[in-house]
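Close look at the chain arrangement
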Amino acid sequence: MSTPDPDDAALRRFLADPAHLTLDLRTATARSTKALGLRHAVVYLADLQQRLLVPQTAVAPMLPVDGSLAGWAYRTQSLRVEESGAGGGITAWFPLLDGVERLGVLAVHETALTASSLTRGRALASLLAMVIASKRAYEDSFVRRTRTERMQLPAELLRALLPPRTIGNGDVVSTAVLEPAYEIGGDAFDHALTETTLHMAVLDAMGHDLASGLTSTVAMAACRNARRTGADLPELLRTVDEALSRWLPDQFCTSVIAQLDLATGVLRWANCGHPAPILIRDQRLIIDAMERDTDPPMGMPSLLTSRPRRTYEISLEAGDRVLMYTDGVVEARTREAKLLGLERFADYVIRATAGGELAPESLRRLIHSILATQEDRLRDDATLLMFEWRPPSG
């Protein structure tokens, strides 16, 4: 008969105490690290623009996502190990994941790493990721520590209603970014999953002020309200049009709203005055694959025509990615004051997706390459949403 491990007993006592569910992150990290028999651990969360990893549970320097081993663990969502430096010992970097969403990394400092300590480190990373995911919606400390600038009011309004940056399951991953991160006015994105369908929307409201933010939030709420009652795509579009026409008759927004059947890969979408999505297949861009006639923007313009909104359909292949974006992306200007344009944007997409990286990392690299042409400051909102269909049979 094996001898009970005292560390296991400590862990059982920790998990049996309901008080650990209400602990602040620093205390929860310290107690769970001790209960797992680990020496020391520090939580780092990614900042809003995914450039920095910011320590949350100890006084430590921020680490760059690009150019550090911690950042490598974040970018690849995999374990990385290095010597701890002057203090001696080993540091293991574990990704912190809420499902498929990247939250940050966990640094576990040990005198030496063993199979057991690595297993316990993974368990600690999983536990703390759940703690963070459950608390970040209402604990402002997470928000404060991951912002590097003051958030403007329209951006605060929109970001309060946005879904997680990345969602997914065994069939699909959808990921999005939105810039300028602290000054967005009218752009928004939405994505959600049911057992059978991935729902997506990219919105671009007229203007760049609080009224624009209100327009996008009303459109997003109407979209969610319709789909949660089981509305089909044409009915969902009517719901958004009617909501905007009733509550904000002087406002309108362009959009692409889409639904992906997870079993068959059939993608249905409607384009309401928006740039056409781009299909990425085998690391090649098929720019015109989803080029179709567009309908008027959502809201009052839709009432000025008697023609019903059109929906389109395309069958995806396993591994296909679809990129949806707002016109602020291609209308960005380079340092030479030239429009980025669709051709140059396509070149950035090719470079960002050619490395075989996970979809969230490809999109992070893509938005940063676009920002680099703007000296990190866009003149208009720019939203990117990319999803990848990857059924197990594929």
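Calculation notes
Residues numbered from 1 in each chain as written. Predicted model: local features only at pLDDT ≥ 70, side-chain atom pairs only at ≥ 80, totals over all residues. Heavy atoms only, no water. Core = buried A, V, L, I, M, F, W, Y, C linked by side-chain atoms within 4.5 Å. Buried < 20%, exposed > 50% of the residue type's maximum accessible area, 1.4 Å probe, protein only. Contact = heavy atoms within 4.5 Å. Helix = DSSP H or I, 4+ residues; strand = E, 2+ residues; numbered from the N terminus. Lys, Arg positive; Asp, Glu negative; His and termini not counted. Salt bridge = Lys/Arg side-chain N within 4 Å of Asp/Glu carboxyl O. Polar contact = N/O pair within 3.5 Å; in protein donor to acceptor, adjacent residues only side chain to side chain. Axes fitted to C-alpha atoms, helices over the stretch in contact; angles between N-to-C directions. Left-handed = near helix turned anticlockwise from the far one by under 90°. Nonpolar A, V, L, I, M, F, W, Y, C, P; charged D, E, K, R; others polar. Parallel < 35°, antiparallel > 145°, perpendicular 65-115°, else oblique. Phe/Tyr/Trp six-rings, centres within 6.5 Å; stacked < 30°, edge-to-face > 60°. Disulfide = S-S within 2.5 Å. Pairing = 2+ DSSP bridges.

Counting 54 residues, the largest nonpolar core has Met200, Leu260, Leu267, Leu316 and Phe387 as its most contacted members. Contact partners of leucine 267, with chain neighbours within four places excluded, come to Met200, Ala258, Gln259, Leu260, Met290, Tyr312, Glu313, Ile314, Leu316, Val322 and Phe387. Within the second largest apolar cluster, 22 residues are counted, among which are Tyr325, Tyr348, Ala352 and Leu363.

Moving on, we get to the side chain of glutamate 179. Turning to its location among the elements, glutamate 179 is positioned in strand β8 (residues 172-179). Although glutamate 179 lies buried, it forms no salt bridge, and the closest oppositely charged side chain, arginine 51, sits 5.9 Å away as judged by the N-O distance. At 2.8 Å, the side chain of glutamate 179 and the backbone nitrogen of alanine 181 are in polar contact.

A word on the packing of helix α7 (residues 210-227) against helix α8 (residues 233-247). Two elements in contact, α7 and α8, have axes whose closest approach is 8 Å; the angle formed by their N-to-C orientations is 145°. Judged by the sense of rotation from one axis to the other, the crossing of α7 with α8 is right-handed. Note on element contacts: α8 touches α7 through Leu236, Thr239, Val240, Ala243 and Leu244, opposite Thr215, Val218, Ala219, Ala222, Cys223, Ala226 and Arg227. For the contact of α7 with α8, the class distribution of residues is 9 nonpolar, 2 polar and 1 charged.

A few words on the environment of threonine 383. Turning to its location among the elements, threonine 383 is positioned in strand β18 (residues 382-389). Threonine 383 sits in the buried class, given a relative accessible area of 0%. For the pair formed by threonine 383 and phenylalanine 189, sequence separation is 194 residues and the distance between their alpha carbons is 7.4 Å. Residues in contact with threonine 383, not counting those within four places in the same chain, are Val177, Leu178, Asp187, Ala188, Phe189, Val202, Met324, Tyr325, Thr326 and Val329. Within polar-contact distance, the side chain of threonine 383 engages the side chain of aspartate 187 at 2.9 Å.

Helix α11 (residues 359-372) packs onto helix α10 (residues 341-353) with a crossing angle of 140° between their chain directions and a minimal axis gap of 9 Å. Considering their axes alone, α10 and α11 lie oblique with respect to each other. When the axes of α10 and α11 are compared, the crossing they make is right-handed. Of α11, the residues touching α10 (which contributes Phe345, Tyr348, Val349, Arg351, Ala352 and Thr353) are Ser362, Arg365, Leu366, Ser369 and Ile370. Split by residue class, the contact of α10 with α11 holds 6 nonpolar, 3 polar and 2 charged.

The next thing to look at is the packing of aromatic side chains. Counted under the stated rule, the structure contains 3 aromatic pairs. For the pair tyrosine 325 and phenylalanine 345, a centre-to-centre distance of 4.9 Å together with 55° between the ring planes defines the contact as tilted. Residue tyrosine 325 is located in strand β17 (residues 321-325), and its partner phenylalanine 345 is located in helix α10; the two are separated by 20 residues in the primary sequence. Across the pair, phenylalanine 345 and tyrosine 325 agree in class, each one buried.

Scanning the model with the defined rule gives 0 disulfides in all. Summary of cysteine pairing: cysteine 223 is not part of a disulfide, and the nearest cysteine sulfur, belonging to cysteine 253, is at 10.0 Å. Note on cysteine 223: relative accessible area 7%, which makes it buried. Residue classification places cysteine 253 among the buried positions, given a relative accessible area of 1%.

Our next topic: the sheet that holds strand β1 (residues 40-46). A sheet is described by the order of its strands in space; here 6 strands give the open sequence β3-β2-β1-β6-β5-β4, paired in antiparallel fashion. Each of the sheet's edge strands pairs with one partner strand only, and the pair in question is β3 (63-64) and β4 (80-83). As judged from the 4 bridges shared by β4 and strand β5 (residues 90-98), these two strands associate in the antiparallel manner. Pairing of arginine 80 across the sheet is with tryptophan 93, part of β5. Against the sheet, helix α3 (residues 69-76) contacts β1, β2 (52-55), β3, β4, β5 and β6 (101-110), and its axis sits at roughly 140° relative to β6. Along the sheet, helix α4 (residues 115-135) makes contact with β1, β5 and β6, crossing β5 at roughly 40°.

Turning next to the pairing of strand β13 (residues 278-281). Of the two faces of β13, the one carrying Ile278 and Ile280 and the one carrying Leu279 and Arg281 are both buried. With 3 bridges connecting them, β13 and β17 associate as antiparallel partners. Within β17, the position partnered with isoleucine 280 by the bridge is arginine 321. With 3 bridges connecting them, β13 and strand β14 (residues 284-286) associate as antiparallel partners. What sits directly across from leucine 279, in β14, is isoleucine 286. Hairpin connection from β13 to β14: 2 residues lie between these consecutive antiparallel strands, with aspartate 282 at a positive phi of about 55°.

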